[in-house]
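Breakdown of the fold
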Amino acid sequence: MKQTFLSFGLLALLVVLITGCSKDDLGKSGDGFDRQEMLKIWADNIIVPGYESYVSSLESLDAAVSTFTSNPNLEHLTDVRAKWLEAYINWQAVAMFEIGKAESITLINYTNIYPTNTEDMIKTIESGDYDLSSVNKQDEQGFPAIEYLIYGVRDTDQAIIDLYSQEMANHPYKIFLKDLTQRLETLAKSVHDDWKNGYRETFVNNDGSEATASVNKLVNDYIFYYEKHLRAGKIGIPAGVFTGSESSEKVEGLYSGKSKVLFMAGLDATQDFFNGKSSDTNLPVEGEGLKSYLDFVQEISDGEDLGSLINAQFELARDQAELLSDDFSAQVENDNSLMLQTYDELQRNVVNMKVDMLQALNIRVDYVDADGD
């Protein structure tokens, strides 16, 4: 028996010597890919810089709102709208990272639930009694709620300015608008600070292949975001894919008409993450990502390299989306077929990533969907 154990030990050593790999070299994923290096790229080149830009843009929005509410005029309203859009676009770059602090505080639910429940929100504003940390207030805050208050609360720009110009000791609309922007800023800073003060190391060091490991969790979050928020939320639901009834009032950017620019920002962010690409011009343009991971395992799908196939499908979806009007609500009402065609192109990458990519990387889906793949 002792000789048998010895033989197995020598055989294992021989395999290691032949392949030139130690147990650690094989990587905790078991396939030899350096997951920890990829996690470092994700954290240092994509996620943390993304939150830094997002927090900075929210600070600018908060300052613009303070200026507008102190002196309501067209110039200041225009500036608030520009700063709102800049911050909203920056949000698209981090929305998919529902991990760590963002997961524990359900950041996305307090940031971007649309359509806004305007009826309840107006009651909340006029009562002056509210707790924005309540789950019951999730659809009365965030970017869509701010959008309503700077675009949709009255029929014309002048009427909006007149609303905020009313002389009263405690102007409810001014107070609520400032509370909303400060709430976004506080939430974003809490997530950014968590990454900077310890979570980054926790995230990078959790480089195994278990369901709770960083790669497995974040890849699932990424695909969930692509499938549920980008594909379904921004396109499929307003187009009536799941109900058979068009819902033009359920688009992102309903009052501003900025649906397309927000969608494109989200689409760009999901493709950039796939390629390990940073939006920070001071950092390397591209690093380890899901594309390089797929290249490493040399997965082939339908005779093509799967990573290239996924990138090609991203481009097809982008080309189709370019045909959409800037205002998706108008698009649904005027020619919904283009929305449905965009959905179809997005759907093809759900299959590529959720089925083929996860199988290639040996990652299990950790969420349940109701509308199939």
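Please read all numbers here as calculations on a predicted model, not as lab measurements. (Residues numbered from 1 in each chain as written. Predicted model: local features only at pLDDT ≥ 70, side-chain atom pairs only at ≥ 80, totals over all residues. Heavy atoms only, no water.)

1. Digging into the nonpolar core
What tends to happen in soluble globular proteins is that the nonpolar side chains get buried as a cluster. W42, L149, W195, F203 and M357 are the most contacted members of the largest nonpolar core, which has 102 residues in total. Tallying contributions element by element places helix α2 (residues 35-70) first for this core, with 15 residues. (Core = buried A, V, L, I, M, F, W, Y, C linked by side-chain atoms within 4.5 Å. Buried < 20%, exposed > 50% of the residue type's maximum accessible area, 1.4 Å probe, protein only. Helix = DSSP H or I, 4+ residues; strand = E, 2+ residues; numbered from the N terminus.)

2. So, the packing of aromatic side chains
Evaluation of the coordinates by the stated rule reveals 22 aromatic pairs. With 5.6 Å between their ring centres and 45° between their planes, Y54 and W91 make a pair best called tilted. Here W91 lies in helix α3 (residues 74-92) and Y54 lies in helix α2, a separation of 37 residues in the sequence. In this structure, Y54 and W91 share a single accessibility class: buried. Centre to centre, the rings of Y88 and F143 are 4.5 Å apart; their planes meet at 10°, and the pair counts as stacked. Here Y88, found in helix α3, pairs with F143, found in helix α7 (residues 142-152); they are 55 residues apart in sequence, far enough to count as distant. You'll find Y88 and F143 in the same group, each marked buried. (Phe/Tyr/Trp six-rings, centres within 6.5 Å; stacked < 30°, edge-to-face > 60°.)

3. A look at the packing of helix α11 (residues 259-274) against helix α13 (residues 306-321)
For the pair α11 and α13, the least separation of the axes is 11 Å and the interaxial angle reads 170°. On the basis of their axis angle, the class for α11 and α13 is roughly antiparallel. Seen from α11, the contacting residues are K260, F263, M264, L267, D268, T270, Q271 and F274; seen from α13, they are G307, I310, N311, F314, E315, A317, R318 and A321. (Axes fitted to C-alpha atoms, helices over the stretch in contact; angles between N-to-C directions. Parallel < 35°, antiparallel > 145°, perpendicular 65-115°, else oblique. Contact = heavy atoms within 4.5 Å.)

4. Thoughts on the pattern of salt bridges
Where charged atoms of side chains with opposite charge meet at close range, the side chains can pair. One pass over the structure, following the stated rule, counts 20 salt bridges. As a salt-bridge pair, K189 and E59 come within 3.4 Å of each other at their nearest N and O atoms. A residue pair is termed long-range when its members are at least 10 positions apart, and K189 in helix α9 (residues 172-205) and E59 in helix α2 qualify at 130 residues. The partly exposed category is assigned to K189, whose relative accessible area is 30%. Note that E185 is salt-bridged to K189, the shortest N-O span being 3.0 Å. Within this pair, E185 and its partner K189 are both found in helix α9, separated by 4 residues, close to a single helical turn. Look at the salt bridges and you will find they share partners, linking E227, K228, R231 and K354 into a network. (Salt bridge = Lys/Arg side-chain N within 4 Å of Asp/Glu carboxyl O.)

5. With respect to unusual backbone geometry
In this model, Y114 is joined to P115 through a cis peptide bond whose omega is 0°. For P115, the position within the fold is in the loop between α5 (107-111) and α6 (118-127). For T106, which is not a glycine, the phi torsion comes out positive at approximately 45°. Assignment of secondary structure puts T106 in the loop between α4 (101-104) and α5. Take T106: its relative accessible area is 28%, and that puts it in the partly exposed class. The backbone of N362 sits at a positive phi, close to 60°, despite the residue not being glycine. Structurally, the position occupied by N362 is in the segment after α14 (328-360).

6. Comments concerning helix α12 (residues 290-297)
Among all positions in α12, only L290, K291, Y293 and L294 are buried. When α12 is viewed along its axis, its buried side chains cluster within an angular range of 160° and face the same direction. Of the surrounding secondary structure, the elements contacted by the buried residues of α12 are α2, α10 (214-239), α11, β2 (304-305), α13 and α14. (Arc of directions from axis to C-beta.)

7. What to know about the confidence of the model for the chain
When the pLDDT values of the chain are averaged, the result is 90; 88% of them are 70 or greater. The low-confidence segment residues 1-27, where pLDDT is below 50, has 9 contacts with residues more than four positions distant or belonging to other chains. (pLDDT = per-residue confidence, 0-100.)

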